[in-house]
Amino acid sequence: MKNKTFKQFIIIIILVICVVGVYSFPKLFIKQIDEELPEVKLKDIKSKKSFAIMVQNGDGYEEYTSEDNMWPGADYVFKEAKCTDNNGTLVNDAITFTRETKTVTLETDKTVVCTLYFDKSIIGNLRSKDTQRYLSKDLQGGMYRYQATPADEMEAAKMTNWICFGTTNKEDCTNEETGIDKYMYRIIGITEEGKMYLIKETFVKEGEITGFSWNSKYLLSDCLGEACEWPNTDIYKRLNGISNGTSAGHSGNTNIFLGTSEHPSSYEYLTEENEWYNLIEEHNWMYGDTNEISNSKVYNGDAMYEIEIEKVATKRYWLDEGQEICSSDSPCTEKEYTWSKSISAQIGLMYMHDVDYAYTGGNPGNMENVKNSWIHYQKDRYNLSSTNEWLITRYSVLNDGVLDSKAAHIRARLVYPTGFIGYHRLTDRLGARPVFYLKSTTNIASGSGTKTDPFILAIDNV
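Description of the structure in this document.

For the protein chain, the count of helices and strands is 11 helices and 24 strands. Burial status across the protein chain gives 51% buried among its 462 residues. For the protein chain, the proportion of contacts with a sequence separation of at least 24, taken over those separated by at least 6, is 65%. Of the roughly 21,400 Å² that the protein chain leaves accessible, carbon and sulfur atoms contribute 47%.

Listed below in structure tokens is the structure:
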């Protein structure tokens, strides 16, 4: 009984020392929470000599030092901890790592020395190729984004955010006749969790068709309630492979991205049984309306991100309570409105803030800078067959001053060749470039990220 009591006492003392050790380096502890990196609980952590941090450098590791006692940032991900006692014997069996809380815990009655190893994260790998510093150092609209202030016409081609998707063969991907349309994508940015956000380089195609309606219905009388909101639109269903139609063409309801295989330009790598399909993460897409038209908001990423994602109030023209239709006698009026709905899906279209954040600082300020930013659909001299590009955001009811019950209709946001972010009626046939998130477990196998040497994904990690 005495021995049992003594052992319990020792364990309690060890745990107390561990907890004290955490708070002896408060900056480390606080940074661990901010960066979601490991909290290290070591018996002798009060002595800096009791542990070392090593970060990946090329094929090896080098010691990590920080003047402010901070953990390695988002460019690194925890790999393992190795500890030895005074005799040089490994005590790794006493170490546990909890991925959910990013916590490494060591409970031992021995004096130990530990080394914590961090590998480059996917963010770190992207930065190592980003010699011109296009990838933002801070979070811009919820992620690290590729941004540029164009220096010349070929600025976009020099960027290191070109990536192949659907093939691991670089030559197939970079082939101007067949590959660019089918396999070439760009990385818009990457989240803190390591999810790359991709956009197709060229408009999605159905055979030779590159223009698609946002929705087949557009009159307000047909779009009351949720009828013409994003999850119920034709373009959403056709991109996500859940359309029930069988006819092809502008008026058809066939699938045009996920779940396609019947056309020469189809994306057969995006059928459910394919490994590429399984790389795409389900994402929670916010959706709603805004008719904010001042340049200070439309061409400002922060302002639009607040509206489209952070649920800051905007304005739209809509029916009053009890009003059945907009008319000259009973016009729709501008009302305060806040986005509140979302849908979990694989494929979306760009938001207005995505367009803005592609410019340095996320604030292009005017349509000319949008036109010259790398993300503009005609910047690389592709997508010339259709004049405009659809976005995911709706405008609201068009308020042209002469509304009547037959003319009142809803429009959606788009980008013009000039860079102007405007709006068209839902039935217009415009270009669409799918966007989606890759799972955080996705890795890059090779490539430098340029147009001639795009990133190739390690598909065998699926």
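Having put the structure on the table, let's press on.
Okay, helix 3 (residues 122–129) next. Among all positions of helix 3, only Ile122, Ile123, Gly124, Leu126 and Arg127 are buried. As for helix 3, its buried residues are in contact with strand 7 (112–120), strand 8 (144–145), strand 10 (184–190), strand 11 (196–200) and strand 23 (444–446).

Counting 97 residues, the largest nonpolar core has Phe165, Met196 and Phe257 as its most contacted members. Look past the residues within four positions of phenylalanine 165 in its chain and what remains in contact with it is Lys182, Tyr183, Tyr185, Leu198, Tyr269, Leu270, Trp276, Leu279, Ile280, Phe436, Leu438 and Leu457. Listed in part, the 15 residues of the second largest apolar core include Phe51, Val55, Cys83 and Leu106.

What follows covers the sheet that holds strand 18 (residues 389–397). Strands sit in the order 18-19-20 across an open sheet of 3 strands; the sheet is antiparallel. The sheet terminates laterally at strand 18 and strand 20 (421–425), the two strands that pair on one side only. For this sheet the average axis-to-axis angle between neighbouring strands, irrespective of direction, equals 35°.

This part is about the state of the cysteines. Within the structure shown, the criterion is met by 4 disulfides. A sulfur-sulfur separation of 1.9 Å characterises the disulfide bridge that pairs cysteine 223 with cysteine 228. Across the S-S bond linking cysteine 223 and cysteine 228, the dihedral sits near -65°, which makes this disulfide left-handed. With respect to class, cysteine 223 is no different from cysteine 228; both count as buried. Cysteine 326 shares a disulfide with cysteine 332; S-S distance 1.4 Å. Around the S-S axis, the bridge from cysteine 326 to cysteine 332 shows a dihedral of about -50° and counts as left-handed. You can call cysteine 332 buried: its relative accessible area is 4%. Taking only the cysteines that form disulfides and numbering them from first to last, the protein chain has the pattern 1-2, 3-4, 5-6, 7-8.

Looking now at the packing of aromatic side chains. Per the counting criterion, the structure on display carries 22 aromatic pairs. Here the aromatic rings of tyrosine 185 and phenylalanine 436 are separated by 5.6 Å at their centres, their planes lie at 65°, and the arrangement is edge-to-face. With tyrosine 185 in strand 10 and phenylalanine 436 in strand 22 (residues 435–438), this pair connects stretches of sequence that are 251 residues apart. Judged by relative accessible area, tyrosine 185 falls into the buried class, the value being 0%. A ring pair is formed by tryptophan 214 and tryptophan 230, whose centres lie 5.6 Å apart and whose planes are at 50°; its orientation type is tilted. Of this pair, tryptophan 214 sits in the loop between strand 12 (212–213) and helix 7 (234–239) while tryptophan 230 sits in the loop between strand 12 and helix 7, and the two are 16 residues apart along the sequence. With relative accessibility at 0%, the residue tryptophan 214 sits in the buried group.

Once that is clear, we can look at empty space enclosed by the protein. Enumeration over the complete set of coordinates arrives at 2 cavities of 30 Å³ or more. Taken as a whole, the second largest cavity holds about 40 Å³ of empty space. Taken together, Arg186, Ile199, Glu201, Trp374, Ile375, His376, Tyr377, Asp380, Asn383 and Arg433 make up the full set of residues lining the second largest cavity. Of the residues belonging to the lining of the second largest cavity, the class tally is 4 nonpolar, 2 polar and 4 charged.

With that out of the way, let us pick up the pattern of salt bridges. Enumeration according to the criterion identifies 19 salt bridges in this entry. Residues lysine 82 and glutamate 80 are paired through a salt bridge, measuring 3.8 Å at the closest nitrogen-oxygen approach. Residue glutamate 80 is classed as partly exposed on the basis of its relative accessible area of 27%. A salt bridge links glutamate 281 to lysine 195; the shortest N-O distance between them is 3.1 Å. Of the two residues, glutamate 281 is situated in strand 13 (residues 280–281) and lysine 195 in the loop between strand 10 and strand 11; the sequence distance between them amounts to 86 residues.

Our next topic: the side chain of aspartate 354. As for its position among the elements, aspartate 354 is in helix 10 (residues 352–357). Of note is the side chain of aspartate 354, whose polar atom sits 2.8 Å from the side chain of tyrosine 197. Leaving out residues up to four positions away in the same chain, aspartate 354 has contacts with Arg145, Tyr197 and Ile375.

For the rest of this paragraph, the subject is helix 9 (residues 301–308). Most of helix 9 sits out of view: 6 of its 8 residues are buried. Taken residue by residue, helix 9 has Gly301, Ala303, Met304, Tyr305, Ile307 and Glu308 as its buried positions. Contact partners of the buried residues in helix 9: strand 14 (283–287), helix 8 (295–298), strand 15 (314–318), helix 10 and strand 18. In this structure asparagine 300 caps helix 9, since a side-chain oxygen of it lies 3.0 Å from the backbone nitrogen of aspartate 302.

Let us look at the pairing of strand 20. Pairing analysis gives 5 bridges linking strand 19 (residues 410–415) to strand 20, with the strands arranged antiparallel. Its bridge partner lying in strand 20, alanine 412 is registered against histidine 424. From the end of strand 19 to the start of strand 20, which pair antiparallel, there are 5 residues, and glycine 419 there has a positive phi angle of about 95°.

Definitions and cut-offs
Residues numbered from 1 in each chain as written. Predicted model: local features only at pLDDT ≥ 70, side-chain atom pairs only at ≥ 80, totals over all residues. Heavy atoms only, no water. Helix = DSSP H or I, 4+ residues; strand = E, 2+ residues; numbered from the N terminus. Buried < 20%, exposed > 50% of the residue type's maximum accessible area, 1.4 Å probe, protein only. Contact = heavy atoms within 4.5 Å. Areas by Shrake-Rupley, 256 points an atom, 1.4 Å probe, with all protein chains shown as cover. Core = buried A, V, L, I, M, F, W, Y, C linked by side-chain atoms within 4.5 Å. Pairing = 2+ DSSP bridges. Axes fitted to C-alpha atoms, helices over the stretch in contact; angles between N-to-C directions. Disulfide = S-S within 2.5 Å. Phe/Tyr/Trp six-rings, centres within 6.5 Å; stacked < 30°, edge-to-face > 60°. 1 Å grid on protein atoms, 1.4 Å probe; cavity = no way out; pocket = protein on both sides within 12 Å on 5 of 7 lines; lining within 4 Å. Points joined across faces, edges and corners; volume = space filled by probe spheres on them. Nonpolar A, V, L, I, M, F, W, Y, C, P; charged D, E, K, R; others polar. Salt bridge = Lys/Arg side-chain N within 4 Å of Asp/Glu carboxyl O. Polar contact = N/O pair within 3.5 Å; in protein donor to acceptor, adjacent residues only side chain to side chain.

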